[in-house]
Amino acid sequence: MDLANLSVLLVWGAATALAVALIAFAVDLSRLSGAKVDARDAARSREQVLVGAGGAEPASPYGPGADTGVAAPGAVNRKLAGIGMSVTWLAAALLLVAVVLRGVAAGRAPWANMYEFTLVGTFVAVAVFVGVNTRRDVRFLGAFVTGLGVLFLVLAQQQFFVEAMGVQPALQKYWLVIHVGVAICATGIFTVAFVTSVLQLLRDGRDNGSPLLGSRHWGWLDHTPAPAALESLSFRLNSVAFVLWTFTLIGGAIWAEDAWGRYWGWDPKEVWSFIVWVVYAAYLHARTTRGWSGTRAAWFVVAGYACVLFNFTGVNLIFNGKHSYSGL
């Protein structure tokens, strides 16, 4: 079996691992929802017992202050979340090896077309998720990040796949490694920030009594950080990604001058990359100097990520330009 085919198998292995992680994270969230309801029911039952006993708490048969060995109401075993994280680490490792083998098989940096961009972008998103989790508990993002990861990898394999081969002379530059590599890193970080902002919108809606989020199935939202904490995390991730995207534009202009003799030519990819930069610049400016926060800031992030997705898919598949390197 050659390296290219082995890479494909490893990508499917990574997709399978992410699917397993998705199930583990989803079941964990479901158990959190059930634990919330059970805790509320237990509290109500306890209140009824106290009322019936004249307000005095029944004495424990084991003595006052004794440890009965019973978990506190609402406590839930997060073992499935731990399994989800372990399998996500495995998926990241498999995908990294798949990307490296793809590059070796093609004899170049493995991000010269839509298929490879999707693989590496998914790896970055998953790596950012597991990396952030080493510093703070963000397992509540697991189901969403792994869900997007499965979607992206399956889409890459089914719709964007191209054989591993060399690239045209215009791409045979070290700028392929720098310019495109930085753009992919920015996109992966934007993805995790987008997930965080979506979760912020859901949590904010539940806190404000949204009828759509009031059922017991959304009880897991009560175990996530407050909207302000989610917004802070999203802001920090977007700030890092924005710096990388700024370098992407600068590096792309330098490469364009070297390859085509001009820094800017109103190519569709250039225009939409600039639009992405403007949207996120406006978001960062509005939040830091104009006090935009809460749902307004979160929706700004959603709009910015929509532009990122269109820049990657729509521009490559709909428009013809000098950046039409999808390979499809």
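In what follows, the structure referred to is the one given above.
Owing to the predicted nature of the structure, the values given are computational and were not obtained by experimental measurement.

Describing the packing of aromatic side chains
Here the structure, examined in full by the defined rule, presents 17 aromatic pairs. Pairing phenylalanine 144 with tryptophan 220 gives two aromatic rings, centres 5.9 Å apart and planes at 45°, and the pair type is tilted. Of the two residues, phenylalanine 144 sits in helix 4 (residues 142–160) while tryptophan 220 sits in the loop between helix 5 (175–207) and helix 6 (227–260), which places them 76 residues apart along the sequence. Taking the relative accessible area as the measure of exposure, tryptophan 220 reaches 7% and is therefore buried. Their ring planes at 85° and their centres at 5.5 Å tell us that tryptophan 264 and tryptophan 266 sit as a pair that is edge-to-face. Its relative accessible area of 35% is what places tryptophan 264 among the partly exposed residues. Ring pairing ties together the aromatic residues Phe242, Trp264, Trp266, Phe274 and Trp277, which thus form one cluster.

Here's the deal with the nonpolar core
One finds Tyr115, Phe129, Leu141, Leu153, Phe190, Leu237 and Tyr280 to be the most contacted residues of the largest nonpolar core, which totals 86 residues. Of all the elements in the fold, those that place two or more residues in this core are helix 1 (3–52), helix 2 (79–106), helix 3 (114–133), helix 4, helix 5, helix 6, helix 7 (268–289) and helix 8 (295–312). Counting residues per element, this core draws most heavily on helix 5, which supplies 15 residues. Not counting residues within four places of it along the chain, the set of residues in contact with leucine 153 comprises Val11, Ala14, Ala15, Leu18, Leu95, Leu119 and Thr122.

What about helix 6?
Between its terminal C-alpha atoms helix 6 stretches 47 Å, which fits the 50 Å expected from 34 residues at 1.5 Å a residue. At the exit of helix 6 stands glycine 261, carrying a positive phi of roughly 80°.

Some points on the environment of valine 195
Checked against the element boundaries, valine 195 lands in helix 5. Counting along the chain gives 53 residues from valine 195 to glycine 142, while the straight-line C-alpha distance between them is 9.7 Å. Not counting residues up to four positions away in its chain, the partners in contact with valine 195 are Leu141, Phe144, Val145 and Leu148.

Observations concerning empty space enclosed by the protein
Remark: the empty space left among the atoms is shown by a probe the size of a water molecule rolled over them. Scanning all chains against the criterion turns up 2 cavities of 30 Å³ or more. What the second largest cavity holds in volume is close to 40 Å³. In this structure, the second largest cavity is lined by Thr122, Ala125, Val126, Val145, Leu148, Gly149, Phe152 and Thr191. Elements supplying a minimum of two residues to the lining of the second largest cavity: helix 3 and helix 4. The dominant element in the lining of the second largest cavity, judged by the number of residues it contributes, is helix 4, at 4 residues. Considered class by class, the residues forming the lining of the second largest cavity number 5 nonpolar, 3 polar and no charged.

Definitions and limits used
- Residues numbered from 1 in each chain as written.
- Predicted model: local features only at pLDDT ≥ 70, side-chain atom pairs only at ≥ 80, totals over all residues.
- Heavy atoms only, no water.
- Phe/Tyr/Trp six-rings, centres within 6.5 Å; stacked < 30°, edge-to-face > 60°.
- Helix = DSSP H or I, 4+ residues; strand = E, 2+ residues; numbered from the N terminus.
- Buried < 20%, exposed > 50% of the residue type's maximum accessible area, 1.4 Å probe, protein only.
- Core = buried A, V, L, I, M, F, W, Y, C linked by side-chain atoms within 4.5 Å.
- Contact = heavy atoms within 4.5 Å.
- Expected span 1.5 Å × (residues − 1).
- 1 Å grid on protein atoms, 1.4 Å probe; cavity = no way out; pocket = protein on both sides within 12 Å on 5 of 7 lines; lining within 4 Å.
- Points joined across faces, edges and corners; volume = space filled by probe spheres on them.
- Nonpolar A, V, L, I, M, F, W, Y, C, P; charged D, E, K, R; others polar.

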